[in-house]
Amino acid sequence: MALERVVLRLEELLFPSVADVAVLSVEVNNETVRIEARCTTAGAVCPCCGDRSSRVHGSYLRFPADVPSAGRRVVLCIQVRQFLCGNTACSRRTFVEQVPGLTRRFGRRTERLRSTLAAVGLALAGRAGARMAAVFGVSVSRSTVLRMVNALPELEAPAPRVVGVDEYATRKGRFYGTVLVDVETRRPVDMLPDWEASSLAVWLAKRPGIEVVCRDRAPFFAEGATAGAPQAIQVADRWHLWHNLSEAAERSVAQHRRSLRVLLPEPTPADSEPLPEETPDSPWRTSSRFADRTRAKYATVHALLEAGHSRRAIGRQLSMTHRTDKRLADAAAPEDLFHGQWQNNRTSVLDEYKPYLDDRWNDGCTNAWKLWEELVPLGYKGSYGRVSTYLREKRISPRPVTARPPSPRAVSRWILSRPENLTETEQLRLRTVLAQCPELEALARHVRSFAQMLTERQGERLPEWLDAVRQDDLPSLHTLAAGIDRDRDAVIAGLTLPWNSGVVEGHVNRIKMLKRQMFGRAGFQLLRKRVLLS
């Protein structure tokens, strides 16, 4: 009974118009379900002229592939008729009838299988889609899956009222396109193959019902929105405004890096204890493994000599050659054994640049590659390896190293964070920095004022904030203020209205995923289909 219900349900799915199709026979075994059927209509409509004809010219069998059912392969055997077109003006003499909802002209798959493969292609693209189709019993190539996706009709989306605009990379750093999203429905409505202002203007001009355009502060989007939709309100995205302020704040903190040294801890008595001085004639520091090993052997040999052992006995006991034993015994001090290429009079091309490296190290810069790049314009002709070795010695040195001041990024994070989100230690260190540097105190005041405008939607305060920024000696914020002033109306709208480009950024991230999923076969037309239809 269960198998009969499956067959009946399969017949309903395949032949929704039962009156037009007659099922002749159904054969079921462990592997396949074979269904034979034929149309029972009195005639068919010519696909060229539209005239209906009932003159049968002949018939033949069609075997369209279908989706497997209940773990069995479905074999369809449909008897179709050829009709003679009665219209003498028609370019076709004969035509074949089609089963509505099941077959199409030259189709080798049922409409159900075509829609299934197209859905798989939209979700997984070609290669992964072909593997998934093989799981449910359909053998198909990745190119066929992509052709199914390309054959899907275009989506006729209504013109949006609030549209978000952003760029996406077809090849990062070289080629970019434009994605447009309906912010209210959160669905993409179109994609453009470039990010030119003229292309955006043409697209917007065809849709006069657009009232709001959400965008970042890119100049080409501003120009395109102004030219194509002059009636629309342009809204600058709040996240990009805050991001621009963060970058300007970090640059300002970096310009006052020396003020961060006030956070260095005071040296403790344990740190101030002098370390054992190195012997002037020794080319190695006291921590050198070779020097320590040599001094230990020297002490052992002389202790055995004082105990009355002969040099030959000492050599046998310590597994030394006669020459090594003689050198250790004849030396008046361990430093006499240090000679050759490790003498102190050896100079290096890095010597004259070591004070600069020490100053940058104390400033908190410990990146060897960055410091090497800074030395090259100063005339340094040596290799990067010498700089790296010198800094490595500073890292592993047992001497107390001056504590690193906080990086400009860390201090800018303290300034940009909510005070209640900082630990007590971070709040104390931030207050110390601001007390020592009036410029950074002014920076923190401007950042907090902008954050209040941003979170409380007080865009009308923007002109006042710009005037306050220009009164302080903060060049980085002056640059930011000049850029905001050029786009003042859009920024005020972004700080006042509830619209933003967050949903557009989400679709840009999804486009990146779709591109990676297609293994480089992400041409514009195919990518556009997957973005708009999935």
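Now for a look at the structure at hand. Please read all numbers here as calculations on a predicted model, not as lab measurements.

1. Remarks on the overall build of the protein
Here is step 1 of the chain: For the protein, the count of helices and strands is 21 helices and 12 strands.
Here is step 2 of the chain: Considering the protein as a whole, with its 534 residues, one finds that 40% of them fall into the buried category.
Here is step 3 of the chain: Accessible surface, the protein: about 30,400 Å² in total, of which carbon and sulfur atoms supply 51%.

2. Side note on the packing of helix 14 (residues 408–416) against helix 15 (residues 424–436)
Describing two packed helices takes the angle between their axes plus the distance from one axis to the other.
Here is step 1 of the chain: Viewed as axis vectors pointing N to C, helix 14 and helix 15 meet at an angle of 100 degrees, and their least axial separation amounts to 10 Å. Classified by the angle between their axes, helix 14 and helix 15 sit roughly perpendicular to one another. Counted together, Arg413, Trp414 and Ile415 of helix 14 and Glu426, Arg429 and Leu430 of helix 15 form the full contact between these two elements.

3. Some remarks on the nonpolar core
Here is step 1 of the chain: Core analysis: the largest hydrophobic core is formed by 35 residues, its most contacted members being Ile415, Leu440, Leu443, Leu462, Trp465 and Leu477.
Here is step 2 of the chain: For this core, the elements supplying multiple residues, two or more each, are helix 6 (238–255), helix 14, helix 15, helix 16 (438–456), helix 17 (462–470), helix 18 (475–486) and helix 19 (488–494).
Here is step 3 of the chain: Element by element, the count of residues in this core is highest for helix 16, at eight residues.
Here is step 4 of the chain: If we ignore the near neighbours within four places in the chain, the residues touching Trp465 are Leu245, His446, Ser449, Phe450, Met453 and Ile484.
Here is step 5 of the chain: Membership of the second largest hydrophobic core comes to 23 residues, among which are Ala125, Val503, Val508 and Met518.

4. Regarding the pattern of salt bridges
Here is step 1 of the chain: Considering all chains together, one arrives at 21 salt bridges under this definition.
Here is step 2 of the chain: The shortest N-O distance in the salt bridge between Glu420 and Arg418 comes to 3.9 Å.
Here is step 3 of the chain: Here Glu420 falls in the exposed class, since its relative accessible area comes to 55%.
Here is step 4 of the chain: Here Arg418 falls in the partly exposed class, since its relative accessible area comes to 47%.
Here is step 5 of the chain: Among the charged side chains, a network of salt bridges with common partners joins Asp467, Arg470, Asp485 and Arg488.

5. Quick look at empty space enclosed by the protein
Here is step 1 of the chain: This structure, assessed with the given rule, holds two cavities of 30 Å³ or more.
Here is step 2 of the chain: Along its surface, the second largest cavity is lined by Pro153, Glu154, Leu155, Arg528, Lys529, Leu532 and Leu533.
Here is step 3 of the chain: Taken together, the residues of the lining of the second largest cavity sort by class into four nonpolar, no polar and three charged.

6. What about the pairing of strand 2 (residues 32–39)?
Here is step 1 of the chain: As judged from the seven bridges shared by strand 1 (residues 21–28) and strand 2, these two strands associate in the antiparallel manner. Looking at strand 2, one finds that Val26 is bridged to Ile35.
Here is step 2 of the chain: The turn joining strand 1 and strand 2, which pair antiparallel and follow one another in sequence, is formed by three residues.
Here is step 3 of the chain: The pairing of strand 2 with strand 6 (residues 73–84) spans seven bridges and is classified as parallel. In the strand pairing of strand 6, Ile35 is matched with Leu76.

Conventions we followed
- Residues numbered from 1 in each chain as written.
- Predicted model: local features only at pLDDT ≥ 70, side-chain atom pairs only at ≥ 80, totals over all residues.
- Heavy atoms only, no water.
- Helix = DSSP H or I, 4+ residues; strand = E, 2+ residues; numbered from the N terminus.
- Buried < 20%, exposed > 50% of the residue type's maximum accessible area, 1.4 Å probe, protein only.
- Areas by Shrake-Rupley, 256 points an atom, 1.4 Å probe, with all protein chains shown as cover.
- Axes fitted to C-alpha atoms, helices over the stretch in contact; angles between N-to-C directions.
- Parallel < 35°, antiparallel > 145°, perpendicular 65-115°, else oblique.
- Contact = heavy atoms within 4.5 Å.
- Core = buried A, V, L, I, M, F, W, Y, C linked by side-chain atoms within 4.5 Å.
- Salt bridge = Lys/Arg side-chain N within 4 Å of Asp/Glu carboxyl O.
- 1 Å grid on protein atoms, 1.4 Å probe; cavity = no way out; pocket = protein on both sides within 12 Å on 5 of 7 lines; lining within 4 Å.
- Points joined across faces, edges and corners; volume = space filled by probe spheres on them.
- Nonpolar A, V, L, I, M, F, W, Y, C, P; charged D, E, K, R; others polar.
- Pairing = 2+ DSSP bridges.

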